[in-house]
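Secondary and tertiary structure notes
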Amino acid sequence: MKKLLSTLALLLCVIFLLQSCATSKNTLDDRKADIQNSKEENYSSFVQMNDGSIQNYGSLKLVTGVLVTPYLLADGKIKINAKDIKAYQNDEHYAVSQTLLVTGRKSRVAVETLPGFAVRMVKGKLNVYCKKFYNGQRVVDEYYLQAGSDGEIQKYSASLLNELIKDSPEAYAFFNTKKKGSMAQKLQIAVLLYNDNELMTKN
């Protein structure tokens, strides 16, 4: 009987772990899809220099490594340093430099993008950016909001989001009701609802 109970407990643990892995993979796939959908449509790979000029490339790859300061490699031969640009887009994402962020922690983490750059996750009348930083124990996400393409990019807070979406009853109600899910999921869905509502209002 003891052996049967131990086997059953082990089986339940394996099932739980498999479900957790599947959920984690779905979340990662959703994140990648959101990031892809928020890229600039009329460009493939480009960098925006600090003076505002745009340079287009056939390819733009993030290069990282041990004892290597992360940089972008354009067309397989041109090295572009983070300090020289304020935004870029490659096959994977559109990202902006932390110099454009009004508030938030400075970061040197280069997990999915250049160190200190924030990846755009939602694009529209209201934009959502995510920057990774090291909190002393692990790499975590910090979110930012931007009203329009020229608005300030400000660190996320519930009060800031509520102020920005208050004209959309559906988005406001969704964000402020107690629903299961992470803060990041609720934030993204509320912004998507807000952006969809704005598109429908214009039509």
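Notes on the structure in this doc start here. Everything numeric in this text was worked out from a predicted model, so none of it was measured.

Secondary structure assignment for the chain yields 4 helices and 11 strands. The buried share of the chain, reckoned over its 203 residues, is 36%. Partitioning the contacts of the chain with sequence separation of at least 6, the portion at a separation of at least 24 is 46%.

In this section: the packing of helix H2 (residues 158–165) against helix H3 (residues 169–176). As a packed pair, H2 and H3 sit with axes 9 Å apart at the nearest point and diverge in direction by 160 degrees. Put simply, H2 runs roughly antiparallel to H3. Two packed elements cross with a definite hand, and for H2 against H3 that hand is left-handed. On the side of H2, the interface is formed by Ala158, Leu161, Asn162 and Ile165, while H3 contributes Ala171, Tyr172, Phe175 and Asn176. In the contact of H2 with H3, the residues fall into 6 nonpolar, 2 polar and no charged.

Once that is clear, we can look at the side chain of Thr113. Looking at the secondary structure, you find Thr113 in the loop between strand E7 (94–96) and strand E8 (118–122). Exposure remark for Thr113: the relative accessible area of 5% places this residue in the buried category. A distance of 2.5 Å separates the side chain of Thr113 from the side chain of Tyr88, its partner in a polar contact. Beyond its immediate sequence surroundings of up to four residues, Thr113 is in contact with Leu62, Tyr88, His93, Ala95 and Val119.

What counts, and where the lines are drawn
Throughout, a residue's number is its position along its own chain's written sequence, starting from 1. Residue-level local features of this predicted model are given only where pLDDT is at least 70; pairs of side-chain atoms are given and counted only at 80 or more, and the full residue set underlies all totals for whole chains, interfaces and linings. As a rule here, side-chain values come from all non-hydrogen atoms in the structure, and water together with hydrogens is ignored. Labels follow the DSSP assignment, with helices taken as runs of H or I lasting at least four residues and strands as runs of E lasting at least two, numbered in each case from the N terminus. Note on exposure labels: buried denotes an accessible area under 20% of the residue type's maximum, exposed denotes more than 50%, and partly exposed covers the range between, all computed with a 1.4 Å probe on protein chains only. In what follows, residue pairs with any heavy atoms lying within 4.5 Å of each other are defined as contacts. Structural elements are reduced to axes, namely lines fitted to C-alpha atoms, with helices fitted over the stretch in contact, and the angle between N-to-C directions of any two is expressed from 0 to 180 degrees. Angular relationships are summarised with four words: roughly parallel below 35 degrees, roughly antiparallel beyond 145, roughly perpendicular across 65 to 115, and oblique for the angles in between. Less than a right angle of anticlockwise turn of the near helix away from the far helix marks a crossing as left-handed, whereas a clockwise turn marks it as right-handed. Charged means Asp, Glu, Lys or Arg here, nonpolar means Ala, Val, Leu, Ile, Met, Phe, Trp, Tyr, Cys or Pro, and polar covers whatever is left, Gly included. Pairs of N or O atoms within 3.5 Å make up the polar contacts considered here, provided that, within protein, one atom can donate a hydrogen while the other can accept it, and that residues adjacent in sequence are counted only when both atoms are side-chain atoms.

In short, geometric facts, not functional conclusions.
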